[in-house]
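Geometric and topological summary
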Amino acid sequence: SLPDRVKIVEVSPRDGLQNEKGIIAAAVKIELIDRLTSAGFQNIEAASFVSPKWVPQMADGAEVMLGIQRLPDTIYSVLTPNMRGFNDALAVRADEVVIFGSASEAFSQKNINCSIAESIARFEPVAQAAKAAGLRLRGSISCSLGCPYQGETPIQSVVDVAQRFLALGCDEIDVADTIGVGTPKRVRQVMDAVTRIIDPARISGHFHDTYGQSLANILASLEAGISIFHTSVAGLGGCPYAKGATGNVATEDVLFMMDGLDIETGVDLNEVVDIGMWISAHLGRKTASRAGSALAAR
Ligand code: HMG
Ligand code: MG
């Protein structure tokens, strides 16, 4: 049976905006996060502390983290590929740090400039420091359903990285479909394999909608016992090192589906629709959310 409640991790301030070409003012990112906080999200991925040469859009992470109005029960997460990023995250009192590896060797090289094994070695001190500082630790597994450079990802590669993240002490582990090529049958197989070794309550689904499969993949994940999903308002998103990958699954669409499934999210859909229309207008484009545009037109 499906869960009564799911946790939605809103990733638009990070995954949603990181690939935008025009630089977005910190004030806009701050307003976005503040509005998302008001809408009821329990967990918001707010920034990345990565090399600004690699991802220029995320260079103002500290300003953003220091400018937002935080609620004590909301988790503000930031990406930290190395100790430098971790120290920056600690300085702005992030609640959760995210190490991000890949189930594909080729993508690991393109995205973080090292092999999977080297990345795990680099994450080890970050994981230890996070635990010592009492921060939550999350591990994200890119290319869990396929890789832009290597094609289909063997399920065992996903399980191997998940096992390593578990050993590093990750509280939560993301099965991420970076380029949105997964389809429900395969997603179910990957989730079943990962939940054989890790409590499903600690696994999340992170789906991009490149091929229009993300809602179906979320349903398949729900059926596999997963109850944490990453979404992005207006379907914003994409990774600069994953050619052709489009946005994350739109938050509005997921909230609409959860409502129909009688699954609670704690998030106010109407507020999210407004946020989606506002940020889309700011970026000068139409929302990529089907539910968002339908509800806004009502
Ligand atoms: P590198 O070039 O191998 O490392 O990059 P380096 O240590 O030689 O550093 C290069 C330069 O970056 C140096 O500056 C460092 O100081 C600086 P220079 O000496 O040349 O002036 N630097 C930093 N600056 C600020 N903060 C830092 C930092 N670290 C180094 N933390 C590195 C290795 C990992 C740093 C680089 O490859 C990088 O930053 N990659 C980030 C890529 C990224 O953010 N990708 C998008 C996020 S992942 C994603 O979107 C997928 C996800 O959504 C899930 C999914 O969908 O799959 C999570
Ligand atoms: Mg992503």
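From a predicted model like this one, the values you see are computed outputs, not experimental measurements. (Residues numbered from 1 in each chain as written. Chains lettered and ligands numbered in written order. Predicted model: local features only at pLDDT ≥ 70, side-chain atom pairs only at ≥ 80, totals over all residues.)

Brief notes about the overall build of the protein
To keep it simple, the criterion reads: Runs of H or I in DSSP of at least four residues are treated as helices and runs of E of at least two as strands, each being numbered from the N terminus. What the globule rule says is 2.2 Å times the number of residues to the power 0.38, and the radius of gyration is computed from C-alpha atoms. Partly exposed residues are those whose C-beta has more than 12 but fewer than 20 other C-beta atoms within 10 Å; 20 or more makes a residue buried and 12 or fewer makes it exposed, with C-beta atoms placed from the backbone.
The helix and strand tally for the protein stands at 12 helices and eight strands. Relative to its length of 298 residues, the protein is compact, with a C-alpha radius of gyration of 17 Å against a globular reference of 19 Å. Taking the principal axes of its C-alpha atoms as reference, the protein extends roughly 50 × 40 × 35 Å. Out of the 298 residues in the protein, the part that is buried amounts to 53%.

Some remarks on the sheet that holds strand β1 (residues 7-10)
Applicable threshold: For two strands to be treated as a pair, DSSP must find no fewer than two bridges joining them. Angles shown run from 0 to 180 degrees and are taken between the N-to-C directions of axes, each axis being a line fitted to C-alpha atoms and, for helices, limited to the stretch in contact.
Read once around its circumference, the closed barrel built from eight strands follows the order β1-β2-β3-β4-β5-β6-β7-β8, with strand pairing classed as parallel. Strand after strand, the sheet turns through a mean of 25° between neighbouring axes, direction not considered. Alignment of β1 against strand β8 (residues 228-231), held across four bridges, turns out to be parallel. Residue V9 lies in a different strand from β8, and its bridge partner there is H230.

A short note on the UniProt feature "domain: Pyruvate carboxyltransferase" (unreviewed entry) in the protein
Threshold: UniProt positions are given in the numbering used here, feature names are shortened, and annotations may be inferred rather than shown by experiment.
When the UniProt feature table is mapped onto this chain numbering, "domain: Pyruvate carboxyltransferase" (unreviewed entry) sits at residues 6-273. This span, residues 6-273, is 41% helix and 16% strand, and a straight line between its end C-alpha atoms measures 19 Å.

Thoughts on the environment of L236
Our working rule: Our contact criterion uses C-beta atoms placed from the backbone: two residues qualify when those atoms are within 7 Å.
Counting through the fold element by element, L236 comes out in the loop between β8 and α10 (251-260). C-alpha separation for the pair L236 and G16, spaced 220 residues apart in sequence, amounts to 4.4 Å. Look past the residues within four positions of L236 in its chain and what remains in contact with it is S12, G16, L17, G247 and N248.

Here's the deal with the site of ligand 1
This is how it is decided: We call a residue near a molecule or strand when its C-beta atom, built from the backbone, sits within 6 Å of it. Note on residue categories: nonpolar means Ala, Val, Leu, Ile, Met, Phe, Trp, Tyr, Cys or Pro, charged means Asp, Glu, Lys or Arg, and polar means any other residue, Gly included.
Not every one of the 27 residues close to ligand 1 is listed here, only the nearest: V50, S51, G85, S142 and T178. Going through the elements one at a time, α4 (83-91), α5 (105-112) and β5 (136-142) are the ones with two or more residues in the shell around ligand 1. In the shell around ligand 1, the residues fall into 12 nonpolar, 12 polar and three charged.

Quick notes on the environment of A176
Within the fold, A176 resides in strand β6 (residues 172-177). Sequence-wise, A176 and S142 are 34 residues apart; in three dimensions their C-alpha atoms are separated by 5.0 Å. Non-local contacts of A176, meaning those with residues more than four positions away in its chain, are made with S140, I141, S142, S144 and H206.

Describing α10
Taking burial as the measure, the 10 residues of α10 include seven buried ones, the bulk of the element. Turning to α10, its buried residues are T251, E252, D253, V254, L255, F256 and M258. Elements in contact with the buried residues of α10: β1, α9 (214-223), β8, α11 (269-283) and α12 (290-296). Positive backbone phi, approximately 60°, marks D262, located one or two places after α10.

A look at the pairing of β6
The condition that has to hold: Every crossover in which the path from the first strand over the helix to the second runs clockwise, viewed with the strands pointing away from the viewer, is termed right-handed.
Burial of β6 is extensive: six of the six residues sit out of reach of the surface. Because side chains alternate across β6, one face comprises the buried residues E172, D174 and A176, and the other comprises I173, V175 and D177, equally buried. When β5 meets β6, the two strands line up parallel, connected through four bridges. Following the sheet pairing, R138 is matched in β6 by E172. Handedness of the β-α-β unit built from β5, helix α7 (residues 155-167) and β6 comes out right-handed. Read from β6 through helix α8 (residues 184-195) to strand β7 (residues 203-207), the crossover connection turns out right-handed.

Digging into the nonpolar core
This is how the line gets drawn: Take the buried Ala, Val, Leu, Ile, Met, Phe, Trp, Tyr and Cys residues, join any whose C-beta atoms are within 7 Å, and the set you get is a nonpolar core.
Counting residues in hydrophobic clusters, the biggest one holds 91 residues, and the most contacted among them are A46, V78 and V97. Setting aside its immediate chain neighbours within four residues, V97 contacts V78, T80, F86, A89, V126, A130, L135 and L137.

Thoughts on the pairing of strand β3 (residues 75-79)
Within β3, five of the five residues are buried, leaving the element largely enclosed by the surrounding structure. In this sheet, β3 lies alongside strand β2 (residues 43-48) in parallel orientation, the contact comprising five bridges. Its bridge partner lying in β3, A47 is registered against V78. In this sheet, strand β4 (residues 96-102) lies alongside β3 in parallel orientation, the contact comprising three bridges. For L79, the partnering residue across the bridge sits in β4 and is V98. Taken together, β3, α4 and β4 constitute a β-α-β crossover, and its handedness is right-handed.

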